[in-house]
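Chains, contacts and geometry: an overview
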Amino acid sequence: MESQAEAPEQQSSAGQVYDLIVIGGGAVGENAADRAVQGGLSVVIVEAELVGGECSYWACMPSKALLRSAQALRAARGVSGAAQAVTGELDVDAVLSRRDSFTSGWKDEGQVSWLEGAGIELLRGHARITGPRQVSVTAADGGVQTLTARHAVAIASGSAAAIPPVTGLHESHPWTSREATSAQQVPGRLAIIGGGVVAVEMATAYASLGSEVTLLARSGLLGGMEPFAGELVGESLQARGVSLRLNTSPVSVARTREGVRLETSAGDALHVDEALAATGRTPRTGDLGLESIGLEPGSWIPTDDTMRVPGFDWLYALGDVTHRALLTHQGKYQARAAGDVIVARARGAQIDDAPWGAHVATADHAAVPQVTFTDPEVASVGLTAAEAREAGYEIRVVDRELGDVAGAALYADGYSGRARMVVDEQRRVILGMTFLGPDVAELLHAATIAVSAEVPLDRLWHAVPAYPTISEVWLRLLEAYGRPSRTGT
């Protein structure tokens, strides 16, 4: 076999040749490329926008930066002694400036430097697949290059905000998550269309920054999570001044000189300065040349658990485009598995593709962790009770109030929260966990380990939580479930 570490070749018929071509230079593409390079392959990333992708500039990092300052202020005000010391209000300009620092001012020099240090080549331009292992790249100046992959092409082009088919909405140029996370001015009145994670996080952020926020959700909040999550987050939003309009949707939208006018399904009109469409995501696959290899442009791309597209021995898809789990950390997890299996297949090495093997993304199916950074936070992993029942498990649901734990009472005066454990009664392992409360995100990884490793409940009794911490809720959940007695057996 030829050396996989040699420099890309120049061939008159095939253009530049690499072992792996990655379409998309976000966090997912970077991770796949890095694993492949570490395995000795030559890799090029093709990126049309900023290296680092959505998470770095318009999603995870800037959104959490917008939320954190107000969260810290509320935490201080929730503890007597500290509360008396807090005399000022949130400095909005400082919040926006801090947010800007996390995006590097929407410049990607630092990310490009990392690629160079990692030995990954970068080609700026728009990539289109033109045939098996063939990718054409059109630069901003119109120049076109042809690339050929010896072993694999990985599509990691991500997703974009979906604009629902509401009359006039698209023409009114609404905010999407990109505008919401990069805005340099805080609108006086903001309407948010949607009830998912982006909607409730941005409602939390902009209400804290001083906007008069109205949230319109066609059903409830945080669908797909445990029902109490949406209910309690909704109560918190209302307590912070958000006008929560459930079971209500816009039927028409128009931008006027005064702002944006929304006619609602309730029969009234809403006048705001900006409207944010936060109603889901759509794959960035519309102009990737998928039709040239028999796939449907604009569609999600299915994969097996090694992230290879069925029917192809050279095509992989990673991250949001697969619709497996639209979360950055899960996409990076997929990318690590894919990068390693691409190396293994290139070398003819043994593939570990059994469930939970080194070359598969098994956790996508049963152990996906997620945090919604509202106040209170929602942290969850695995199956909800409804999902577990639908999957045919015999389950028991155990709920505990987080505020009853000594560590929570010390953490904040009047701490309120909830924990839910979903147990598979046949195997006596945890299928899912949900925590709701201030700063519960840091409880999540222990739950993720328990779910992904299928740790028996009997063994979890020996994982002793430190006192007094909020993690002691684990002991309270186990006590509520009950410790089996082996007396006489």
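Scroll up to find the structure.
Counting of residues starts from 1 at the beginning of each chain's written sequence and follows it residue by residue. For a predicted model such as this one, the threshold for reporting local features is a pLDDT of at least 70, and the threshold for listing and counting side-chain atom pairs is 80 or more; totals across whole chains, interfaces and linings nevertheless cover every residue. Hydrogens are left out, water is left out, and the side-chain values use all remaining heavy atoms of the structure.

A few points about the packing of helix α3 (residues 60-77) against helix α7 (residues 197-208)
Between the N-to-C directions of two axes lies an angle of 0 to 180 degrees, each axis being a line fitted to C-alpha atoms and, for a helix, fitted only over the stretch in contact. Under the DSSP-based scheme used, a helix requires at least four consecutive residues in state H or I and a strand at least two consecutive residues in state E, with every element numbered from the N terminus. Where α3 contacts α7, the axes come no closer than 9 Å and their chain directions differ by 60°. By the criterion of interaxial angle, the relationship of α3 to α7 is oblique. Of the two elements, α3 crosses α7, and the hand of that crossing is left-handed. Taken together, the residues of α7 that come into contact with α3 (itself represented by S63, K64, L66, L67, A70 and R74) are E201, M202, T204, A205 and S208. Here the residues of the contact of α3 with α7 are counted per class, giving five nonpolar, three polar and three charged. Put simply, angles under 35 degrees are roughly parallel, angles over 145 are roughly antiparallel, angles from 65 to 115 are roughly perpendicular, and the rest are oblique. For any pair of crossing helices, the crossing counts as left-handed if the nearer helix is rotated counterclockwise from the farther one by less than a right angle, and right-handed if it is rotated clockwise. Any two residues whose heavy atoms approach within 4.5 Å are treated as being in contact. We call Asp, Glu, Lys and Arg charged. Ala, Val, Leu, Ile, Met, Phe, Trp, Tyr, Cys and Pro are nonpolar, and the rest, Gly among them, are polar.

Some words on the pairing of strand β10 (residues 212-217)
Each residue gets one of three labels from its accessible area relative to the maximum for its type: buried under 20%, exposed over 50%, partly exposed in between, using a 1.4 Å probe on protein chains only. Most of β10 is tucked away: five of the six residues are buried. Should DSSP find at least two bridges between two strands, the strands are regarded as paired. Looking at chain direction, strand β9 (residues 189-193) and β10 are connected through five bridges and run parallel. Across the sheet, the residue bridging to A191 is T214, located in β10. Orienting the strands away from the viewer, one traces the path from the first strand over the helix to the second; a clockwise path indicates a right-handed crossover. At this point the chain moves from β9, through α7, to the parallel β10, and the crossover so formed is right-handed. Note: β10 against strand β11 (residues 243-246), four bridges, orientation parallel.

Some remarks on the side chain of T434
Mapped onto the fold, T434 is located in strand β22 (residues 429-437). Taking relative accessible area as the criterion, T434 reaches 6% and is therefore assigned buried. Contact partners of T434, with chain neighbours within four places excluded, come to E226, F228, V378, A379, S380, R418, A419 and R420.

Points about the packing of aromatic side chains
Aromatic contacts are taken between Phe, Tyr and Trp rings whose centres are within 6.5 Å, Trp giving its six-membered ring; a plane angle under 30 degrees counts as stacked, one over 60 as edge-to-face, and the others as tilted. As enumerated under the stated definition, the model contains five aromatic pairs in all. Consider the rings of W175 and Y206, whose centres lie 5.7 Å apart with planes at 55°: the pair is tilted. Of the two residues, W175 is situated in the loop between β8 (159-161) and α6 (177-182) and Y206 in helix α7; the sequence distance between them amounts to 31 residues. We call a charge positioned above a ring when the Lys NZ or Arg CZ atom is no farther than 6 Å from the ring centre and deviates by at most 35 degrees from the ring normal. Lying across the ring of W58, R178 places its NZ or CZ 3.6 Å from the centre.

Quick look at helix α13 (residues 444-452)
Burial in α13 covers these residues: L444, A447, T448, A450 and V451. Down the axis, α13 shows its buried residues gathered within 165° of arc, on one side only. Taken together, the buried residues of α13 touch α10 (363-366), β18 (369-372), β19 (377-382), β22 and α15 (473-481). Following α13 by one or two positions, E454 has its phi on the positive side, about 50°. What the arc covers is the set of directions going from the helix axis to the C-beta atoms.

Here we look at the packing of helix α1 (residues 27-38) against helix α5 (residues 109-118)
Packed helices, taken two at a time, are described by the angle their axes make and the gap between the axes. At their nearest, the axes of α1 and α5 sit 10 Å apart, and the two run at 20° to each other. Taken together, α1 and α5 sit at an angle that is classed as roughly parallel. For the pair α1 and α5, the sense of crossing is left-handed. Counted together, E30, D34 and V37 of α1 and Q111, W114, L115 and A118 of α5 form the full contact between these two elements. When the residues that make up the contact of α1 with α5 are grouped by side-chain class, the tally is four nonpolar, one polar and two charged.

Concerning the pattern of salt bridges
Any carboxyl oxygen of Asp or Glu within 4 Å of a side-chain nitrogen of Lys or Arg constitutes a salt bridge here. For the structure shown, the criterion picks out 29 salt bridges. With a closest N to O distance of 3.9 Å, E54 and R281 form a salt bridge. In this pair, E54 is assigned in helix α2 (residues 53-57) and R281 in strand β16 (residues 281-283), connecting sequence segments 227 residues apart. Notably, a salt bridge pairs R124 with D108, separated by 3.0 Å at the nearest N-O pair. On the criterion of sequence distance, the pair formed by R124 in strand β4 (residues 121-124) and D108 in the loop between α4 (92-102) and α5 is long-range, its members being 16 residues apart. Since its relative accessible area comes to 39%, R124 is described here as partly exposed. Shared partners join several salt bridges into a network, and the residues in it are E49, E54, R178, R281 and R284.

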